[in-house]
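Structural description and commentary
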Amino acid sequence: MAIRNIRTMGDDILTKHCKEVKEMTPKTRNLIEDMLDTMYLAGGVGLAAPQVGILKRIAVVDVGDGPIVMVNPEIVETAGEQSGMEGCLSLPGKHALVTRPNYVKIRAFDRNMEPFEAEGEELLARAILHEYDHLEGIMYVDIMEGELEDVPEEEE
């Protein structure tokens, strides 16, 4: 598929609430494939549609166990707490301390518009919640604790 340009902080689209996907079209299927290719090429663990300039409620996540495609995700449950350094493909070379739930359960549709539920803990929970925030027009800098820091070169 195609690699899309990742929008960076300061682009107004990253502050907008995304629209629900009503049906799966060939164009939307291509968007999902492009998002996965873009995320993998950029070395990320998640990517949301507004990050590639599309205001649709679609996000993809892969923390190493294979991709999860989430169309119209809803958070069903969260529990616990974790704090850690978080980065974003829309803010390259930076990270900050963010506290999020340690567990999340979501309900969403897959790339075939079949409903599913997924659960995640630790990094997977963080990635799902981070991408969900993008669909709401929220970036991690809106909820970070302390200051934005440069990512050490060996971690990039």
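These notes cover the structure that comes with them. (Residues numbered from 1 in each chain as written. Predicted model: local features only at pLDDT ≥ 70, side-chain atom pairs only at ≥ 80, totals over all residues. Heavy atoms only, no water.)

A closer look at the sheet that holds strand β8 (residues 145-150)
Pairing between sheet strands relies on hydrogen bonds along the backbone, with the strands arranged either parallel or antiparallel. Taken in spatial order, the 3 strands make up an open sheet running β4-β5-β8, and their pairing is antiparallel. Taken across any chain shown, the strands that pair with only one partner, and hence form the sheet edges, are β4 (82-86) and β8. Strand-to-strand twist in this sheet, taken as the mean axis angle between neighbours without regard to direction, amounts to 25°. With 3 bridges joining them, strand β5 (residues 94-100) and β8 adopt antiparallel strand pairing. Residue pairing across strands places H95 opposite E149, the latter belonging to β8. Most of the contacts of helix α2 (residues 122-135) go to β4, to which it runs at about 65°, and overall it touches β4 and β5. (Pairing = 2+ DSSP bridges. Helix = DSSP H or I, 4+ residues; strand = E, 2+ residues; numbered from the N terminus. Axes fitted to C-alpha atoms, helices over the stretch in contact; angles between N-to-C directions. Contact = heavy atoms within 4.5 Å.)

Things to note about the nonpolar core
Formed by 15 residues in total, the largest nonpolar core has its most connected members in A59, V61, M70, V104, I106, I128 and L135. Secondary-structure elements contributing two or more residues to this core are β2 (58-61), β6 (103-109) and α2. In terms of residues, this core owes the most to one element, α2, which gives 6 residues. Aside from chain neighbours lying at most four places away, what touches I106 is M70, E74, I75, V76, F116, E117, A118 and I128. Ranked by size, the runner-up nonpolar core spans 14 residues in total, among them V21, M24, I32 and L36. (Core = buried A, V, L, I, M, F, W, Y, C linked by side-chain atoms within 4.5 Å. Buried < 20%, exposed > 50% of the residue type's maximum accessible area, 1.4 Å probe, protein only.)

Here's the deal with the sheet that holds strand β7 (residues 115-121)
Spatially, the 5 strands line up as an open sheet ordered β1-β2-β3-β6-β7, and their pairing is antiparallel. Strands with a single pairing partner mark the edges of an open sheet, and in this sheet they are β1 (46-48) and β7. Going across the sheet, the axis of each strand differs from the next one's by a mean of 35°, ignoring polarity. Inspection of the sheet shows strand β3 (residues 68-79) paired to β6 by 6 bridges, in the antiparallel sense. By the bridge assignment, E77 is partnered in β6 with K105. Docked against the sheet, helix α1 (residues 26-42) engages β1, β2 and β3, running at close to 35° with respect to β2.

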